[in-house]
There are 4 protein chains.
Amino acid sequence: MLIGLLYPPSIFRLSRIELKEKMLIEKYIEVRTQTERLCAPLHKEDYIPQAVNYASPPKWHLAHTAWFFEDMILKDYLPGYAVYDARFSKLFNSYYQSIGVPAARSDRGIITRPTVEEVYTYRKHVDDHMKVLLNSDISENVKEFVILGLNHEQQHQELLITDLKYVFGLNTTWPVYDKNCNYLASESGDSGSTTIPEGIYEIGYSGDNFCFDNELNRHKVYLQSYEISNSLVTNGEYMAFINDGGYLTFSPWLGEGWEWIQSEKIRHPLYWHMVDGTWHTYTLAGLIPIDLDSPMSHISYYEAEAFARWKGARLPTEFEWEVAADKFSWGARWEWTSSAYASYPNFRIREGALGEYNAKFMVNQMVLRGASIASGTNHSRSTYRNFFHPEIRPIFPVYCSTVSIYIK
Amino acid sequence: MLIGLLYPPSIFRLSRIELKEKMLIEKYIEVRTQTERLCAPLHKEDYIPQAVNYASPPKWHLAHTAWFFEDMILKDYLPGYAVYDARFSKLFNSYYQSIGVPAARSDRGIITRPTVEEVYTYRKHVDDHMKVLLNSDISENVKEFVILGLNHEQQHQELLITDLKYVFGLNTTWPVYDKNCNYLASESGDSGSTTIPEGIYEIGYSGDNFCFDNELNRHKVYLQSYEISNSLVTNGEYMAFINDGGYLTFSPWLGEGWEWIQSEKIRHPLYWHMVDGTWHTYTLAGLIPIDLDSPMSHISYYEAEAFARWKGARLPTEFEWEVAADKFSWGARWEWTSSAYASYPNFRIREGALGEYNAKFMVNQMVLRGASIASGTNHSRSTYRNFFHPEIRPIFPVYCSTVSIYIK
Amino acid sequence: MLIGLLYPPSIFRLSRIELKEKMLIEKYIEVRTQTERLCAPLHKEDYIPQAVNYASPPKWHLAHTAWFFEDMILKDYLPGYAVYDARFSKLFNSYYQSIGVPAARSDRGIITRPTVEEVYTYRKHVDDHMKVLLNSDISENVKEFVILGLNHEQQHQELLITDLKYVFGLNTTWPVYDKNCNYLASESGDSGSTTIPEGIYEIGYSGDNFCFDNELNRHKVYLQSYEISNSLVTNGEYMAFINDGGYLTFSPWLGEGWEWIQSEKIRHPLYWHMVDGTWHTYTLAGLIPIDLDSPMSHISYYEAEAFARWKGARLPTEFEWEVAADKFSWGARWEWTSSAYASYPNFRIREGALGEYNAKFMVNQMVLRGASIASGTNHSRSTYRNFFHPEIRPIFPVYCSTVSIYIK
Amino acid sequence: MLIGLLYPPSIFRLSRIELKEKMLIEKYIEVRTQTERLCAPLHKEDYIPQAVNYASPPKWHLAHTAWFFEDMILKDYLPGYAVYDARFSKLFNSYYQSIGVPAARSDRGIITRPTVEEVYTYRKHVDDHMKVLLNSDISENVKEFVILGLNHEQQHQELLITDLKYVFGLNTTWPVYDKNCNYLASESGDSGSTTIPEGIYEIGYSGDNFCFDNELNRHKVYLQSYEISNSLVTNGEYMAFINDGGYLTFSPWLGEGWEWIQSEKIRHPLYWHMVDGTWHTYTLAGLIPIDLDSPMSHISYYEAEAFARWKGARLPTEFEWEVAADKFSWGARWEWTSSAYASYPNFRIREGALGEYNAKFMVNQMVLRGASIASGTNHSRSTYRNFFHPEIRPIFPVYCSTVSIYIK
């Protein structure tokens, strides 16, 4: 359901043109291997729990991404292919109602069987058959599905890490995923700001590489002049908001945000813990003291919005972000925008199950722009649209509110 | 929290210019009298119940609109004014947290005291003092507040009728508010459609009359070409959607819409009842058979969206609606747009309690455009922005989905 | 669903024997008039609201008790009787599923129509026809139903006052029902205690007067020796529990009681308010300072149980209470016992709708014994079994924990 | 929180007398080994999930029973003992608030760490130190604690299997725990019934072996004459209830039972599945067709009560059951009684954390009597009191309603 060019260290974006020259099968292997590489540090116990309704266990991500290739491609395009286990379709279908009623989302943490090993066997079975298919003469249409499937799997790679951090973060033994890497961004960007002049701009994807359907059609928008900060909000700046009573005063909050922090008793970002009088944060390298100069992360839209109002600023729209993104260097981060997730002009819903990929989420969610921390600059694109409900906070690896100054 | 030029038969929009020539006090009396005129057909029993969290009882609307003038104007601008009853501030403050913690919204239906008569006495007290104030030499600033207060009261007039219909509609004796008027629109508009060419358009209020802060600033947007239907969706068209299994098939629905119709067991618009094999609808004139040619109403955003997808169309954005609204005649109706409620460029949040009027609702709500059935054409404005959560259905008097054709 | 000979100042218990000598019609008029007398101080606004799911508005009590006579008696036993309004059966049926699906219990506060006046007209209609019936030659069976109906109405008299106090108690204007009477008990009883020797005792109703089916069959129980306090717990004693951190310490609480006080944020009895550093309590005569020597009231079973454990004592079983009740004088009070509500040996469920009167509540409820404050000593009986869920607190007029000493 | 001498094939009840002759350490090893033997068939994946709030994962049961010995015994009675890992106390404390705030019960399924292997290491650590302690000269007091700890662990053995079946039963691949044993009772007992004469009976534990505090004090009760069925209700009898519309008719149900089957959409016992027109049941040997002559199991108190009413019978009280239990042979089964869980006369709450063992559950729960399927006749005792909320259904291995005939 999510994000872009994600986590992998060496995955490159799959170009349509490129496919005429390179072997799609190499890319397939690279993406699939990367998913399993991410799971290498895990114990079997880590594969199972689901800590919250909107997250999924690693085992589920592994099985679901295999099921996606099996159900969307192998079943229809590999002659003679027999479904590996019909019961998996109910267990590992995420939400594609056209394909059958999926198991309740909240039940992903009670799947004892198939075991982790059986899921890896299932993945291998799918991979073996995908290789047969990819070595055969396949249509452009099937190639497109494969590329979509790989981008889909990359999205789940980031979700897997996001969800893993969430369940680990609830464990007071502070599990360490990789002791050498906390997966936090360390640089908040240049100081200063960029001013964008009023005028017509083009929005949406235009190149030859893969993009998701929600990035199309490319179209013109008219923007008023605005000034956008070059730097990411730091932990230190956010701490000033907290210390100023930011969570205790109604005025900067949206009404629903205020109700949310009351009912959830929220007084600081996710993963922050006060230990012996010092703020720490849980990371995938364990619990560490907070670095005031690093970009802050793991806050909800409600918090980002309140912080911006408190600063006398506001969040950018997704269009303002996209236009500015091309002007300056931006590293790894997801940033809340003030735009609700909606379709672009002349958005076309795909036929069949894949039409459910993006379109049916277009209500009550806010757009995030950017990319994950581990994606190299060249692997991210400014047109990518991530989206979450405004109360969601585990979004990995970094949220950084780039706020634009309100112009009187 | 609501809508515009509303219900009253003879109220005109209050112009800033006009105020230099006419007596504001006349307008004040006219609006205030209209609120009480709306309540004339009520029994005391009807003043009390709150059927759902987002609705309020007539007694509350009456008292809240008096409190608004007292708290926002009299307290600060009428020298020597003493608050009528300090306890009322807690009971009849809607949501202005800057003024004090309001009573829980869900508790508006348990207010036995003050009695209805006492509330009318309170209103008279406020009116008497407002007349003193309005007969004195008041600043432009205070005039602005009075005009806002009157527009606010007009919004509550429509809400009062909306909420009344809702609580009456749950009563199987089908109470009659006015036997001569069902308050349904009878004409669905011209057939055919209007095509708007691609280009830059101006959006937002620009005249000299009153408008709400969320209609500003007027600014340019760039629209792609689109074709918008001139006519409102009729009951007959919607019935075709129902009969085609519209509520039983996932494909046209947003994911959250689908979950909502399952959990709420929704299979038809609000107020529809099948009686002896014929669809009827509850109206303020009682239960009547549905007229297939009339515009349909009382559906949620989810249903409007699903209906439009089922038609192979989509809902217009609020900008598309606003631009088209000036091109053709439109009568009384509220129309769901596909735009989430957000601020316009350079929107400025007012200082103090009135800053809470609109800004803090800007998340998870969809914009409706148009006006209520009883507003004359000249009393409505195309820039008016109403907004509700996507599951709300009682919106009065008429919802009409003007759908624009999806362009391939 | 409730209690016994209740509230009325001059109602006497209806004896089966007595009925052969006196006119049942006189008793009918006396009970029915008393219900309306209780409503004399009310404004129409007070008749409508339902503050909590388990309470009902006065209008509903008035209509329901009329419906009971109409549906259980007139329809079947008055030749030619035509139902007054078929729609009332859905609105005013409490829970008798055999008779049709009643309206949702939580919807009793949204019944705008019939109006209060129409309900009184309905009552008069029922009364007129009941008088015709009672003046005719009726069977013993019908007499029994009438007597049950009157006892049922008396139960609703107490509920009406209980529920009224609850909705008034939520109104910060502290409505006054009767300024001369706060309906609190003023005496807590003699000091000292009574010791009951081990042995066989008879439990359950045995006389010739009316009793409810749940008081039968009279049967033997074997009790161990126990010592029971003669006096009611006072506000002062309970305040000591509060001041000792009673609500802040887990140890005296049942597990579910502890969870309940956390989730409901309960720190003192219902209706207590700290005003300017002094505990006050809301009464039907308004808000008054708490009298330390008066019996305390309006606490849940959980609180009563915790208080008793804190005292090093326990609550009596309903059998211990019943046996002791005959030994000493007891005034007006309801007392929580430690007995769950269950049937007596050889309890027989009545055929038809009246079989639902008591039997279907026999799970998850605790028995209270005693009577209401306004019932004279001679009007109460020691075998009467009231019952409520353990978290219910508004029970009127007085709760008094008579605790028995734990014997080492 | 649960049941008695439970599941193990060869564990015998621990007698206080016996302890003077035999080594307590042998029993310790036997019980502890049995717990781990029960887990032998599990995959690591099976150790983790928690399917419902009132169940716990195997890993949690393993760790909690080790923690119990560590926290209740080693910490206080083994000189120099250092707590293994202080963080475990929060994770594996079940509900003993005196010892510290336990982790939320609903979070037992998200404990990734410690791993299963680490939990077994923890158990070994505890065992090693317990052996040191048990080889030393320990007081009678400590012996008592050890015996309680072993009985506690045996209770968790049954819970472990119960909870495991529940989470497996939600997995549509129907995991097999032991293909040779479905853990269902196969015999429903003799036909006919036993009549117990009216009189005084003794209730509660009286021997020299271990019993729980809630089985004391032994005391006299007076029972009316009753006739109790010798045989367990069979699947066939229960199917007749279903086929007669038992789940569709209000009359036999308690009010809360009826609401529960509506809201939970319950139409048959837990674990029943209709496959190709035949009722099957999930067992620990997989999915098998239902045997009509076997005792039925896995129904809630609500269902047991409704079934009994439908039969024209009722459930026995726990006293009726206990008295009858000694008259005839009874095999392995848990039986719902109509008695709410409450303390016996002169029940004494233990000081300290162990006082929380039973007493704080004494509200809203119903008593079950009997024993688990795997307990030999000689290992069970008629005074044992199990208890659950009336809606709980997974109780393992067999529920069998022994109903007594209602005497006219």
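Rules of the game
Residues numbered from 1 in each chain as written. Chains lettered and ligands numbered in written order. Predicted model: local features only at pLDDT ≥ 70, side-chain atom pairs only at ≥ 80, totals over all residues. Heavy atoms only, no water. Helix = DSSP H or I, 4+ residues; strand = E, 2+ residues; numbered from the N terminus. Buried < 20%, exposed > 50% of the residue type's maximum accessible area, 1.4 Å probe, protein only. Contact = heavy atoms within 4.5 Å. Areas by Shrake-Rupley, 256 points an atom, 1.4 Å probe, with all protein chains shown as cover. Buried area = accessible area lost by both parts, 1.4 Å probe. Salt bridge = Lys/Arg side-chain N within 4 Å of Asp/Glu carboxyl O. Polar contact = N/O pair within 3.5 Å; in protein donor to acceptor, adjacent residues only side chain to side chain. Nonpolar A, V, L, I, M, F, W, Y, C, P; charged D, E, K, R; others polar. Pairing = 2+ DSSP bridges. Axes fitted to C-alpha atoms, helices over the stretch in contact; angles between N-to-C directions. pLDDT = per-residue confidence, 0-100. Least-squares fit on C-alpha atoms with pLDDT ≥ 70 in both. Core = buried A, V, L, I, M, F, W, Y, C linked by side-chain atoms within 4.5 Å.

1. Section: the overall build of chain A
- When helices and strands are tallied, chain A shows nine helices and 12 strands.
- Burial analysis of chain A (408 residues in total) assigns 63% to the buried set.
- Intrachain contacts of chain A at a sequence separation of at least 6 include 79% that bridge at least 24 residues.
- With an accessible surface of roughly 14,900 Å², chain A has 50% of that area assigned to carbon and sulfur atoms.

2. Observations concerning the interface of chain D and chain C
- Tallying the contact residues gives 36 residues for chain D and 37 residues for chain C.
- Here chain D and chain C share an interface that buries about 3,000 Å² over both sides, 56% of which is from carbon and sulfur atoms.
- For the pair chain D and chain C, the interface holds zero salt bridges.
- For the pair chain D and chain C, the interface holds 12 residue pairs in polar contact (both at pLDDT 80 or more).
- When residues of the side of chain D that touches chain C are traced back to their parent elements, those giving at least two are β3 (219–223), α7 (255–263) and α8 (301–310) of chain D.
- Residue contributions to the side of chain D that touches chain C peak at four residues, all from β3(D).
- Tallied by class, the residues present in the side of chain D that touches chain C amount to 20 nonpolar, eight polar and eight charged.

3. A word on the sheet that holds strand β7 (residues 286–289) of chain C
Residue and element names in this part refer to chain C.
- Taken in spatial order, the three strands make up an open sheet running β5-β6-β7, and their pairing is antiparallel. Of all strands in the sheet, those bounded by a partner on one side alone are β5 (272–275) and β7. Strand-to-strand, the axes of this sheet are offset by a mean angle of 40°, without reference to chain direction.
- As judged from the four bridges shared by strand β6 (residues 278–283) and β7, these two strands associate in the antiparallel manner. Bridge pairing in β7 links Thr-281 to Ile-288.

4. A short note on helix α8 (residues 301–310) of chain B
Residue and element names in this part refer to chain B.
- The element α8 is extensively covered by neighbouring structure, given that nine of its 10 residues are classed as buried.
- Along α8, the positions that sit buried rather than exposed are Tyr-301, Tyr-302, Glu-303, Ala-304, Glu-305, Ala-306, Phe-307, Ala-308 and Arg-309.
- Where α8 is buried, its residues meet α6 (235–243), α7 (255–263), β8 (313–314), β9 (333–340) and β10 (366–371).
- A positive backbone phi angle near 75° is found at Gly-312, which sits one or two residues after α8.

5. Quick word on the confidence of the model for chain A
All names here are of chain A.
- Summing up the model confidence of chain A, the mean pLDDT is 85 and the portion of residues at 70 or higher is 87%.
- Note on residues 1–17: pLDDT under 50 across the span, and 82 contacts to partners over four residues away in sequence or across chains.
- Our summary of model confidence lists the complex with pTM equal to 0.92 and ipTM equal to 0.91.

6. A look at the relation of the copies chain D and chain C
- The two copies are related by a screw motion: chain D maps onto chain C through a turn of 180° and a shift of 0.0 Å along the axis, at an RMSD of 0.1 Å. Put plainly, the chains are arranged around a two-fold axis.
- Interface residue correspondence from chain D to chain C reaches 100%, placing this contact among same-surface, isologous pairings.

7. Focus on the nonpolar core
- By size, the foremost hydrophobic cluster in this structure holds 404 residues, and its most contacted members are A:Met130, B:Met130, C:Met130 and D:Met130.
- Each residue touching D:Met130, except ones within four places of it in the same chain, is listed here: D:Tyr28, D:Phe69, D:Ile73, D:Leu74 and D:Val146.

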